[in-house]
Structure formats: C-alpha cells, structure tokens
Amino acid sequence: MSDKLKIGFYWCAACGGCEISVLDIDDMILDVVEKAEIVFWPCAMDPKYEDVEKMDDGEMDIVFVNGSIRSDENHEMVKLLRQKAKKVVAYGSCSSIGGLFGLGNLYDNDELMEYGYNTPSTDKDGVMPLDDNMVPEGDLHLPGLTHHVRPLDEVIDVDVYLPGCPPLPNQLEEAFPALLSGEVGKYDLISQKSVCDVCPLEREEKKIPRLYPIQEKKLEAEECILDQGVLCMGPATSGMCDGPCPEVGHPCIGCNGPVRGVKDQGARMASALGSVLGAEGEERMDEDEISEVVKSVRDPTGSFYRFSLPTSYLRYKRRDLHE
Amino acid sequence: MKKDVLIIGGGISGVQSALDLAEKGYEVVLVDRSPSIGGNMVKLDKTFPTNDCSICISAPKMVEASRNDNITILTYSEIKDLIGSAGGFDVKIWKRTKYVDPDICTGCGDCETACPVEVPSEFEQKLSDRKGIYVEFPQSVPLTYTIDYDNCVGCAACERVCDAGAINFLDTSQVIDLEVGSIIVATGYQMMQPDEWREEYGYGKYPDVLNAMEYERLLSASGPTGGKVLKRSDGKPPESVAWIQCVGSRCKQKGMPYCSRVCCMYSTKQASISKGENPDLDTAVYYMDLRAYGKDFQQYYDKAKDKGVRYLRGRPSRVYEQSDGKLAIEYEDTEKGEVKTDVVDMVVLSSAILPSSGNDKLSEILDISLDEYGFFESKDMLTAPVDSTRDGIYLAGCAQSPKDIPDSVSQASGAAARALMPLRDRKRKGRAEKKPERDVSKEEPRIGVFVCHCGKNIANYLDVEEVAEATKNMPGVVHVDDSMFACSEDAQTVIKDAIKEHHLNRIVVSACSPRTHAPLFQDTLEEAGLNRYLFEMSNIRNHCSWVHSDDPEKATEKAKLLTKMAVAKAKRLSALTEEEIDVGDRTLVIGGGPAGMETALSLSRCGQKVTLVEKEAELGGKLRRLNTLFPTDIDAREFADSMAHQVGDEKNIRVILSAEIEDIEGYIGNYTATVNGEEIEVDTIVLATGFKEIEAEERHGYGKDPRVMTQLEFDEALSGGGLGKPENVVFINCVGALEEERPWCCRVGCGNSLKNAKEIKQRYPDANVYILYKDMRVFGKREEEYYMDVEGDDGVIFLRYSTGQEPEVVTGKDKLQLKVHDNLLDEDLEIDADYVVLAMQLEGDESAPILKKMLKISSDPAGFYMEAHAKLRPLELPSEGVYLAGGAHYPKNISDTLAQAEGAASKAMVPMMRGYTKSEGIISVVDDELCSGCKMCISVCPYGAIEHDPEEGVAVITDVLCKGCGSCASVCPIGAIDQKGYENDTIMAMIKAALLEDEVV
Amino acid sequence: MADNGFEPKIIVFLCNWCSYGGGDLAGVNREQYPTNVLGIKVMCSSRVSPEHIMESFNDGADGVLITGCHPGDCHYIDGNYKTFRKIGLISKMLEDLGINPKRLRLEWISSAEGGKFAQVMREMTEQIRGLGPLDLKEEVE
Ligand code: SF4
Ligand code: SF4
Ligand code: SF4
Ligand code: FES
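The text that follows walks through the structure, step by step, so that each part is easy to find. All figures in this text were calculated on a predicted structure; none of them were measured in a lab.

Helices and strands together make up the secondary structure of chain C, namely four helices and four strands. When the elements of chain C are put in sequence order from the N terminus, they spell out β-α-β-α-β-α-β-α. Its C-alpha radius of gyration of 15 Å places chain C within 12% of the 14 Å reference for a compact globule of 141 residues. With respect to the principal axes defined by its C-alpha atoms, chain C has extents near 50 × 30 × 20 Å. Looking at the 141 residues of chain C, the share that counts as buried comes to 73%. Partitioning the contacts of chain C with sequence separation of at least 6, the portion at a separation of at least 24 is 81%. Taken as a whole, chain C presents about 3900 Å² of accessible surface, with 51% of it coming from carbon and sulfur. Positive and negative side-chain charges in chain C, numbering 15 and 20 respectively, have mean positions lying 5 Å apart.

With that out of the way, let us pick up the site of ligand 3. In the neighbourhood of ligand 3, the contacting residues comprise Ser924, Cys941, Pro942, Tyr943, Ile946, Ile957, Cys962, Lys963, Gly964, Cys965, Gly966 and Cys968 of chain B. Taken together, the residues that form the shell around ligand 3 break down as eight nonpolar, three polar and one charged.

Let's shift gears to the site of ligand 1. Around ligand 1 lies a shell formed by Val195, Cys196, Cys199, Leu201, Arg203, Cys224, Ile225, Leu226, Cys232, Gly234 and Pro235 of chain A. Residue classes in the shell around ligand 1 are distributed as nine nonpolar, one polar and one charged.

Take the pattern of salt bridges next. Tallying each qualifying case throughout the model produces 98 salt bridges over all chains. A salt bridge links Glu283 of chain A to Arg284 of chain A; its shortest N-O distance comes to 3.9 Å. Taking relative accessible area as the criterion, Glu283 of chain A reaches 36% and is therefore assigned partly exposed. Here Arg284 of chain A falls in the partly exposed class, since its relative accessible area comes to 31%. One salt bridge connects Lys472 of chain B with Glu469 of chain B, and the closest N-O pair in it is separated by 3.3 Å. Remark: Glu469 of chain B and Lys472 of chain B occur in helix H10 (residues 464-472); sequence separation between them is three residues, near one turn of the helix. For Lys472 of chain B, a relative accessible area of 41% puts it in the partly exposed group. Classification of Glu469 of chain B as partly exposed rests on a relative accessible area of 46%.

Once that is clear, we can look at the interface of chain C and chain B. Taken together, the contacts link 54 residues of chain C with 55 residues of chain B. Of the roughly 4500 Å² buried at the junction of chain C and chain B (both faces included), carbon and sulfur atoms supply 57%. For the chain C face of the interface with chain B, the top three residues by lost area are Thr35, Leu38 and Arg47 of chain C, together amounting to 15%. For the pair chain C and chain B, the number of links is four salt bridges. Where chain C touches chain B, the interface holds 30 residue pairs in polar contact (both at pLDDT 80 or more). When residues of the side of chain C that touches chain B are traced back to their parent elements, those giving at least two are strand E1 (10-15), helix H1 (19-28), strand E2 (37-42), helix H2 (50-58) and helix H3 (79-96) of chain C. Here the element with the most residues in the side of chain C that touches chain B is H1 of chain C; it accounts for eight residues. Here the residues of the side of chain C that touches chain B are counted per class, giving 22 nonpolar, 16 polar and 16 charged.

Before going further, it helps to spend a moment on the packing of helix H15 (residues 594-605) of chain B against helix H16 (residues 636-649) of chain B. The angle between the axes and the distance between the axes are what describe a pair of packed helices. Residues and elements named next belong to chain B. Look at H15 against H16: their axes get within 10 Å of each other, and the N-to-C directions meet at 35 degrees. In this structure, the crossing between H15 and H16 has a hand that is left-handed. Along its contact with H15, which presents Pro594, Met597, Glu598, Leu601 and Arg605, the element H16 presents Ala640, Met643, Ala644, Gln646 and Val647. For the contact of H15 with H16, a count of residues per class yields seven nonpolar, one polar and two charged.

Right, let's talk about the packing of aromatic side chains for a bit. A ring pair, where both rings are aromatic, is described by two values, the distance of the centres and the angle of the planes. For the structure on display, the rule yields 27 aromatic pairs over all chains. Seen in terms of ring centroids, Tyr161 of chain A and Tyr187 of chain A are 5.5 Å apart; in terms of plane orientation they differ by 5 degrees. Their pairing is stacked. Taken together, the residues Tyr161 of chain A in strand E9 (residues 160-162) and Tyr187 of chain A in the loop between helix H7 (169-181) and helix H8 (195-198) connect sequence positions 26 residues apart. For Tyr161 of chain A, a relative accessible area of 6% translates into the label buried. Plain terms: the ring middles of Tyr293 of chain B and Phe297 of chain B are 5.3 Å apart, the flat faces sit at 65 degrees to each other, and that makes the pair edge-to-face. Neither residue differs from the other here; Tyr293 of chain B and Phe297 of chain B are each classed as buried. Ring pairs connect the aromatic residues Phe9, Trp41, Phe64, Tyr91 and Phe176 of chain A, which therefore count as one cluster. Lys569 of chain B extends its terminal NZ or CZ atom over the ring of Tyr982 of chain B, reaching a point 3.7 Å from the ring centre.

All right, on to the interface of chain A and chain B then. On the chain B side, the residues contacting the 24 residues of chain A number 25 residues. Across the chain A/chain B interface, buried area totals approximately 1900 Å², and carbon plus sulfur atoms make up 54% of it. Put simply, chain A and chain B have one salt bridge between them. Notably, a salt bridge pairs Arg284 of chain A with Asp296 of chain B, separated by 3.6 Å at the nearest N-O pair. The interface formed by chain A and chain B includes 10 residue pairs in polar contact (both at pLDDT 80 or more).

It is worth spelling out unusual backbone geometry at this point. Residues and elements named next belong to chain B. Across the junction of Phe48 and Pro49, the peptide omega takes the value -10 degrees, indicating a cis bond. Among the structural elements, Pro49 can be located in the loop between strand E3 (46-47) and strand E4 (52-53). Here the amide bond leading from Val141 into Pro142 is cis, since omega sits at 0 degrees, within 30 degrees of zero. With respect to the helices and strands, the residue Pro142 is situated in the loop between strand E10 (133-134) and strand E11 (146-147). Positive phi, close to 75 degrees, is recorded for Arg261, a residue that is not glycine.

What counts, and at which threshold
- Residues numbered from 1 in each chain as written.
- Chains lettered and ligands numbered in written order.
- Predicted model: local features only at pLDDT ≥ 70, side-chain atom pairs only at ≥ 80, totals over all residues.
- Heavy atoms only, no water.
- Helix = DSSP H or I, 4+ residues; strand = E, 2+ residues; numbered from the N terminus.
- Rg over C-alpha atoms; globule rule 2.2 N^0.38 Å.
- Buried < 20%, exposed > 50% of the residue type's maximum accessible area, 1.4 Å probe, protein only.
- Contact = heavy atoms within 4.5 Å.
- Areas by Shrake-Rupley, 256 points an atom, 1.4 Å probe, with all protein chains shown as cover.
- Lys, Arg positive; Asp, Glu negative; His and termini not counted.
- Charge placed at Lys NZ, Arg CZ, Asp CG, Glu CD.
- Near = heavy atom within 4 Å.
- Nonpolar A, V, L, I, M, F, W, Y, C, P; charged D, E, K, R; others polar.
- Salt bridge = Lys/Arg side-chain N within 4 Å of Asp/Glu carboxyl O.
- Buried area = accessible area lost by both parts, 1.4 Å probe.
- Polar contact = N/O pair within 3.5 Å; in protein donor to acceptor, adjacent residues only side chain to side chain.
- Axes fitted to C-alpha atoms, helices over the stretch in contact; angles between N-to-C directions.
- Left-handed = near helix turned anticlockwise from the far one by under 90°.
- Phe/Tyr/Trp six-rings, centres within 6.5 Å; stacked < 30°, edge-to-face > 60°.
- Lys NZ or Arg CZ within 6 Å of the ring centre and 35° of its normal.

This is the structure:
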C-alpha cells in the first residue's frame, strides 16, 4: 500500500452539484490523485454501508460531506463517517450552512408533504409515500424526514468548512492542497470579506429609495446592482467565489453564506438594508410611507436566508402562531 | 467673584449664550430668579415645526451648562446693582436662600412627601399643586429642593425626614459681588394673562377658556393631567377646541400693536397634536393672517389642514357661556363676509408675548433703554440688533422682541460673539490638564461593585444587602460594598480607597440613573487614576425600586439581574480616550453678502483669520440689488458699501472676489479648499451663500412684457430711478410659493412688497398701489407697525387672493391688464397697471448642490442647508466645523441675518478659540482587515464621519466627526464596524446575563 | 388581563437620550409596572441589530421591546428611522418563521413620557403573558 491519504466523499440531501464540482478542477485532479486515494465515493463507486462499517475508526484521513441533513439516513450515515474519518470537511453550502434546502425550514414537514403530494402540481392527488413498502424483494423501509433541515455540524463535529453552491474551482485550487497538506483551520476557507470586496462593479454610497424585482429593472452593466435598486446579497455574503455573478450582471444570491465570524447572514442583511433603504427624505415620510418602502423588499426571509436559514438564529419554523 | 461675563436669565437663550462663551474658555455667571434654569421652553410640550419634545431637547443643554466648569449657575437670584463700564462692571447679586444645601441634597424627594403645604404650581400654570418644599420640574437644574419661604409653615417635617441632612432653616440669603467684563440680558418673555385686555373672551370667568401656556401643560405628558386634555369644568375631554389668535397682539387698543411672532405656529402645533391624538376632536383656529413664515412652517401648517384642523379667517368679537355650559364664539368670517357664532367645548387664547416682568427694574439698574412696550431696545434695530443701548451689554432672545426658539438661540450666540469684544485681551482658561491614568489593558478585570440604599429610596423597596451578597460570587467581582448615599462626598472617598486597596480596575455602581449621576462617579474614577470609561451603572432606583415598590421580592430579584448585567458589561469595558485635534484660527466664509461680511467682521474683530470668498466681482450680495431695507428706509447699497468698507479695513480678512470654489476636502481643523486654483487651508467653514429667486418662467406675463418684473428687478429699477410716472403699481405676493411644488413660504416677500409700496407712495403720492397677498406675513420687530402704517395709506389697496386663483395679466396693451379675484370682497377686479411686481418664491443658492457634495452635508427640497437641529442648533451643520449664516439657512431680513451671522461667528469660534476639538469617547471603529468596501455604512452616518478610502477600498471613520450613535455598527453587513463601549459582544453578554440563569457573566 | 401565572421575560432596549429618560421619569413619578422587563441601554435605537433581538429570543426572552425617541427627535438626527425600517423587516421575518411578531414591539417614548413608559411596560408584559412562553431553546429530534 502506498502512503497516500485515504479520502472519501459523501452526499446527504444534495442536488449533485457538489459532486460534479469536484471534477471542475480539471488537471488538478491529477495532483489530488497523486497524493490521495479515493476509498469511498457512492456517486462514482458502489460501496455499501457494510463496507464503511468494516473500516477501522479513523481509517479515512479526510471525508468530504456535501448536502444537508434532511433524513434519518443522512443522520445515521454521517455519524458513521465521523467515526471512520480523521477529518470531516463540510463541503458546499448545504453541509456548511444548511443550503438551499434549508428554505424547507420555512414550513413544517406536514406542510411540505402536503405541498409535494397533494397540490394540483402533483400527479396523483393525495397519494403519500409510505414509510414501509412491501415489494417483491421484501420489506422496503424509506428513511424518514428529520424534523428540520440541519447543517452537518448540528449532527457531528466538523473540522473544516468549505461553503459554496457549489465550491468553485478557484476555491478548490486553494482548498485541496491546503487540506491535503493538513494546514488549514476550521474557518480558513471562508472569506472574512464580502462579495462586494471582489465585485468589479462600480458602487456608490448607498442611496436606494426602494427595491425593485429584477425583472422590472433594466440594469446598467457596470454599476452596482444594489445601487440600482435590485436586491444583491453581495454585501452580506462571504466572497471567496470572486464574485462571478455580479460580474455578469446577476445579483449575488448569497450562496456562500455569511462571512467568517458572522453567524446570521439574513439578520445582517436585514440590518444593512433596513438602515439604508429609503433613507433620503425619510424625515418627510409618515410611518405608512416608510412601511411601503420596507415592503418593497419582497420576501425578505426567503431572499436573505436563501442558503443559510438552518444556521441562522431562528433556524426553522416555530409553532408560536399556531396556538 | 471675578468672572468674564454675566448672563441674566437662564432660559434657552441665556443657556445658549453661556455655553457659547464657556466653551471658548470664558468664565460665565448665569443668573436666574427661579429655583431652576430653563425658562419658558421647558414648559412647552412639543416644539414646532418638528414636534420635538421640548423638555427632552432642552434638558441636555441645561445639564451641559451645569457640568461646564466655566459656568457658575446662580438660581433664585436677582441683580441688585451695577456700576462701571464695558470691560469692568461691578455687579451686586442678591442670592436668596433655598434653605436646602444644594451640595448635600440628593434630590430624592422624601421631604416633598412629608411636607403638608400645598400651593398652586407656577410651573404647571396653577393647574395643579406643588408642595411647600419643591423642585419646579423633574429635570430642574440644579436638581435640588427649594423651600418656598412665603408658604412654609415651619413645621420642619422635611428636616426630620431628610436622611442626608440637607435642610437648614438657619441659612440666610446673601449678596454676591461680581466683577465682569460684559453682560448679556436674556430675560425672555411672559405670556399675557388675557383677563384685563381681552375680558370679552371670558378668560378667568369661564373655566374652559385657557391661555396657550395652560393648554401646553395639558398636552404635556409630564403635565398635570398626564398629557390628557380635560375640561376644567367637568374633567371630561372636550369634543371641540377653538384657538383664537392674536389675543393681545396686533391691536393697539386692546393689547400690543406688534405681532407676537410665535402664536400662529404654536396654535397650529397644539391643534394638530390634539387632532392627531383624537381624530374625532373638532379643532378650529380663528386667525387674521396665518404667519407660517419660517423654515418648514408652511408645510407644517398644510399638514395640520390635511389632518382636519379648520382655519377660519376672522377675529372673534366675544366668547360667552351658553346655558348648556358650552362656549359660543362670535366672529366675522372675513372670507365669507358673514357674522357667525360657533359653539365649542374649550377655547384656547393665543395670548401675546409680553416683556418679562422684571425688565423695568432691570433696565434702571443696568441703565439701558426699553422700547415703548418694555422689551430692551437695540442700539440699532436693523444693523446692531444684539447690542443694547449701553456698551458692554448685549441682548439675547425674547428680551429684545418676541421670537421663536431657533431665532432666539441664533441671537443668543450672536450676543455671545458681541460679548467677547470687551474681553478680547483677557486670558482665557486653557485646556485642562489630563490626569495620569493607570494602564489596565493587561490586567484581568477586577470589578468593584457599590450598591446604594439611596436613603430609603432603594432600601425601602428592595433588599440592598441581598443584592450586594448575590453580586459577590460573580466572576471578576473582587469587592462589593453598600452605602447609604453612594453619591455623597464621603462615599467618593470610600470608592477611591477601595480602588487603591483592592486594585480595582472596573467600577459598577448600582444606584440611580447614569443620566444624572454617571459623571460624578466618573470624576471619582479619574481622581483615583482610572479611565472614566471603566465605569458602569445599573439603575436599581428609577428603573426598579421606585417602579416596583409593591413587590420587594421581585424587585430584589430584578435588581440582582440588573447588577449582573452591569457586571457583564463592566468586564468588557476598556479605557477610552477622547481624541483631541488641533483647530487653528482660520475660517473660510463662503458668500460675500451681508451674512458673510458680518460673520467675517465678527471673526476678524475677535482675532480670527478669515478668507471671504464671493462669486461676484464685488461684495454685497443681495444688498447690491435691493433699494431699501425693510422695515426701515435705509439705503441698501449704502449699507453694503459701509460693510464692504469695514471688511476692507480689517487686516485679518482676505477677500477673494469672482471666486470659484473648485474643491473642499478634509474636516474640522484640516480643510483644504481650492479657490480659483489656489489651495487654501482653513480650520472651519461658514456657509453664507444666500438664496435666489426661482425662475419666473412665464408667470403673470413675465418675460413677455418688461413691465412685469420680479421683486429684485423692481428694487433695482427703484434705485435706478427710471419708473416714469406710474399711476397703478401692482405687487403680487407668493408667486410660485405656497403651492404644491414649492410649498414653503419665502419669509421676506411680504415685507419687501410693503416697503416698496411705501417707497412708491413717497415718490409718487398720486399713484395707487395694489398688494395682492395670501397672508400678510410680517412678524419681526417693528414690522407689524410698518404694515399698519402702509395700510393706513388710502392709496395702498390690499387684495387677498388664494392659491389656485392666481391673478391673470394681459400684456401687449398700453397698460398691463390685471384680473384678480378678491376673496375678501368676493369679487373679480380689473386693474390697469403700469407695473406688475412679482414677489418670487425663493430657493437655495445654485452652489448648494456642489457644496453639499464637497462637505458631505444635505439640504432640504428648497435647497437650503439642513442644520444640525431645527430648534437648538440652527447655525451648525451636523458635521462639526461647518456653520450657517443668513439665507443659506433660510431667507431672512437684515436684522435676523446679522444676528445670525454673529451667531455663526460665535459657533465657529468655539473650537477655534479653544484651540482643539474633542472626539467622543464612545465612537465606532472600522476593522479594515474585514471591511469589504460595500459602502453601506457611508450614507448611514448622520454626520458624514465615514468616508471611502479608494486606495485601500475600505471605509474610514474620522474619529472627531463620529458622535457615537452606533448606527454604522448595526448596518455593516459583515460586522466590520463595532462601537466602543457598546460592542456587539458586550450587548450580547448583557442579554445573556439577563436571560441565562447560570451564565457566567 | 391574562392571568395565567406565566411570568414572561422581556428584554427592553432603551435609547440613552429619550426612552431611558422616560424610564427615569417613570421612576420619579413612582409609576408602577411589572418586574418582567429588563432594560439594556444603547446610545441610539439604531444601534440595536436584528442579531440582538434574535439572540434574546434564543436565550429565552419571550418578548423584545425596542424603544427610541419619537420620529424627528432622535439625538442622532435620524437613527430611529433606521430602527423603524429594520424592525419592519425583522417582524416579517419572525412571522415567516412562525414566531408571533407581537413578541417584538417598537415604541417611541420621549424622556418626558414617564407615564407612557410605565404604560408600555405594563401593556407589553400583559401582551406577552397572553401569548405564553416562547421556548426557542427546545431541542427537537
Ligand atoms: S453588485 Fe452586489 S456584490 Fe457588487 S458591489 Fe453591488 S452589492 Fe456588492
Ligand atoms: S458597511 Fe462594513 S464592509 Fe461595508 S464599507 Fe462599511 S465597514 Fe466596510
Ligand atoms: S457611530 Fe454614528 S456617528 Fe459614528 S461613524 Fe458610525 S454612524 Fe457615524
Ligand atoms: S437617540 Fe433615541 S432613537 Fe436615536
């Protein structure tokens, strides 16, 4: 056996983008393979649960886990992987900060199931998936949904975070060598600066009378999107992506989550936007007029927490309004 | 006692003058005959047109005055005698005893509870009672008790309950000898009691006829009814309230001929607040002219109308009580020409502003003149409004004539500038030595906690010992003590000793309010060698024992938590410094009109160096275009010449004409202005850029016929002399004003039309003059009288028109044909005019948009700069170092302009004479390692303290400009800004301490 | 009046210039209100960040009250307008997350309004008492 590092990849509730992103590093994959041996990768190989169980504790040097924790299976599997790995990397935003699926936390599971299986958009109204199914091969048990979507570190300890939806080649080019050589701290791969820091667009001091839906605004290519009155999450989003979205005129949607050291991306954005929006001439507005300005922020919760709701303060929908 | 300046009257004007002088290093004695300073402003509920809470904005000023080492406050005192002359006055002051030692009294109020005597409270306009031992109002300065000798029964109940032992019945009044160089008279006003002159309105006879000050107290949340307007007759809320304007004003026979200048707006304020609180209330204001002349006044008035306040034009002839107890108002609606009777539940009389009652005596003692009404006479009403008739004595605020608050404080600052003249050569107090401080940054927190009993005020309602005991185990706390009065002199020694003995480096006092008491303890820390910011207070009295007095157990628990939260905060405190930056003596005055010239002159005469820049080729500004100056017949150009001449004589003033300002950079003490290619370094900047007429476009035939002119063009024509022999001249007021697009009032147009009307009548006695107006807004000293004089001339015809019924002018004929609907006579009139003169709406100078950007300041929609505070800081901009004079703030007549210009000079001299300015200790800082340059924070700062550094791509806060609000710390989307003293971690720690039981604070 | 025996915990942010003074005056006038409210002084209401509110809820507060100067009265010119808009956004976010937005309240209290201060404290306590406990710390599996 060589003295190569043993690494593994695993996906939880994920879209698959993170898996593909590993391949985005082009030639660098050769460097990786030179230093490491991939011993576990369900997407590309066909390992079984028992194979992992059989491993010694800490046998794998690094396991990259992407996807959020959404099912009992995810839960169980990452606990096992934790046991078998020296180091666990939360790969991508879903495992680092909850990710897009985290928006599911705006609803409880009943509501989600109802929407998924019992609305006009679904094929057969009212047919719900069963936990247990008798099929010719035997009794098939589907893993249940967890109470809410969780980031990886709510279930197991995480050694390094690498958010991104998915992490981009430029991030990986920095991350892989560092990870493989072992010199990387828990939060080192999260930028402490925001997307604005790397955004090439020309920005002004913020004087934004109100926000507009993007489809209602013809955007100037060179100017800061937020300055033009369209929500851009760049200011509150960690900028290790180098800002490819605003560069091509698309607002940042916040996929990297908050910068290093900030817990709650949505709360920060609410604070920033609430402060500057419609500030000019505010002394001449009455409370109704100001409320109109605030309402021009459509769906603040969904927009500000698009990727990070599960790591926010409030994390998931409560039942305070139900009583 | 030897001091620099004596200020008589501790109202807002007197306090402002005192602060202006004291901040420059002059020693001031502020005398007031009441037990507290504050004057009339503190009695008001809110102030127009911003609805600021009056006491909330004036109390901090009063406290500031009481804390200033250079100000000695003598309350309950009066001037007895004066000899000497400017530069060397000897004054005798009679200081009455309050029988309470102010150094010992803690203001706890135990005595008040014990006192059996009840008398009507003067402060509350006798609407409620006070005790024989009392403070006038909760925010009194000094906050110590006074025994009302006249009503005291001598039972000594108060003496027995006073734990502090502050009461001394044997104390006596004394005469204080004072030497000063100059004197400012700021005796304010009193409100007319409308019973003698206007008995037909039933004041004093019917309980529900009130004067405006009484109504003000009813509105006040801290007033006798807790802010509820209730009828005196039956204690029920009224369903309708009527305000009657000009009660005792604008009427020679039944009061005073002058306009009281504030009533239209305060009744608008009272009506709209009442209406806002109860939309079903019927509110009506009976007026003659609604004088909404000031900045934002007209908009305020419009808003009141929108809210449903009714305005009825007419002077009621009488008010009487009907058999059902309601009040009937008889009046002639002059808009409809009908005599009517309205019935209401309550009548408020907007009674006249009268000279203060002591003015007669004081004028004799000081040997200065009063005008025929009893206000102090200016040396020259127009050109020297703040000088009294005697050298070395100056006038501030309503002592000279009725004024609103911003005009009063502007003039008060102006008086402060004038009062410097006799003192120019005196030595001023320099910078205070900094006390050496122990560096505690490397020490672990060693917190000392002192829990106060406040006599019985805390100890009676919660268990002080238990609070102290519970605090002992908190991590970081190494010493806990409790004391009877933590603020007493002895207690300070105890604290200082404890700091030494236990090597304490953070102090927590659990007692009363930091708003009143923190500075005292902070001084103690300094004396013990600790930085004053290593201090935290928890308020277990005002916010605990006093408000939970029925539940000692829970109150004790809460006091423990409050103390724990303070400890959590204290642990995280670090030493803060108030940075000082040097400010030299160089000012840039922008604008060479009367405001700019006067500012420059005042500065120069006090030894400051001035660069005065004017965009035209000669000094004078609007004075060059005006013919005469309302309300006098002074020739404007002669006046301009004399001012320009004086400017030329000053060695300290450099004038740059035909100047273009290309750039201004920097901040107070460090400005660089580029003027005509030359870089000029200055320490402060005064904006005196004036105003301009809006484009007349094609209004009323303007541009089609040269005989239709704007007011300024007509003034020019008048001084040119070539008017021919006009038979009919028409003035149209409010052109482009008081309408939706430009709702504001230009403030000077009415007066200008009047003086030109008079000029025409003097030159061409046979000519007819028509003045087409909306409301005749003349309000200043001698203006109403001038108006009455012009109105008395049969050849001057006044016609009232309304917005939407603008007069039409047909041009191209032999004469201009003018059609107007007179809404008083309700008929259409046609006039063949030789000239039609348009009193154009005014707006800010065209330089405003450019200067605004350079100086990072803002202007209102009219283009006038936004002052730091509409009421109390009209001469300053939010960013320190930039000041406002004259029309750049808002159009005003010459007298107001000059007073304000002196005031702006005074303001600019504060940091310049002091030689430095200080930043706040509590400021915000940007971590430039983190800042991503998103520019979110920049526009958020109300003081323009944050700038983007394009090189580093980060935000930078200029320490001296930051006032420490913490907005930016909250706005930064990545948490790159934190506020010292209120760090994010500190606030979080306090939250945790409050909520998590076993959280180790 | 909800009398369910529940004693809510309420965090109150007080701006130094107005509302804290209002609290002082409530004391001077001996206005009574329940002990459930715990005040934290900030220089201006605009200093309060959404995180402070959410941390409070997370740590067991059942209600959060932000107080500041009346519009136009802010000692720092316009801080309270920022507060107003921020609270508007946060209320919406709370509601989306199933938390009753009535648990968060914004009130303008001047330093002359001791009576109003006490009144608001009483009302807030009653209101939150009526809403019952908000236990965000609950651990779910
Ligand atoms: S477009 Fe977005 S990322 Fe770029 S500067 Fe503006 S806010 Fe920041
Ligand atoms: S808001 Fe924060 S990140 Fe943005 S410019 Fe200001 S300090 Fe920098
Ligand atoms: S704390 Fe306030 S005053 Fe200071 S820089 Fe920030 S926003 Fe400006
Ligand atoms: S200082 Fe009170 S809200 Fe800003």
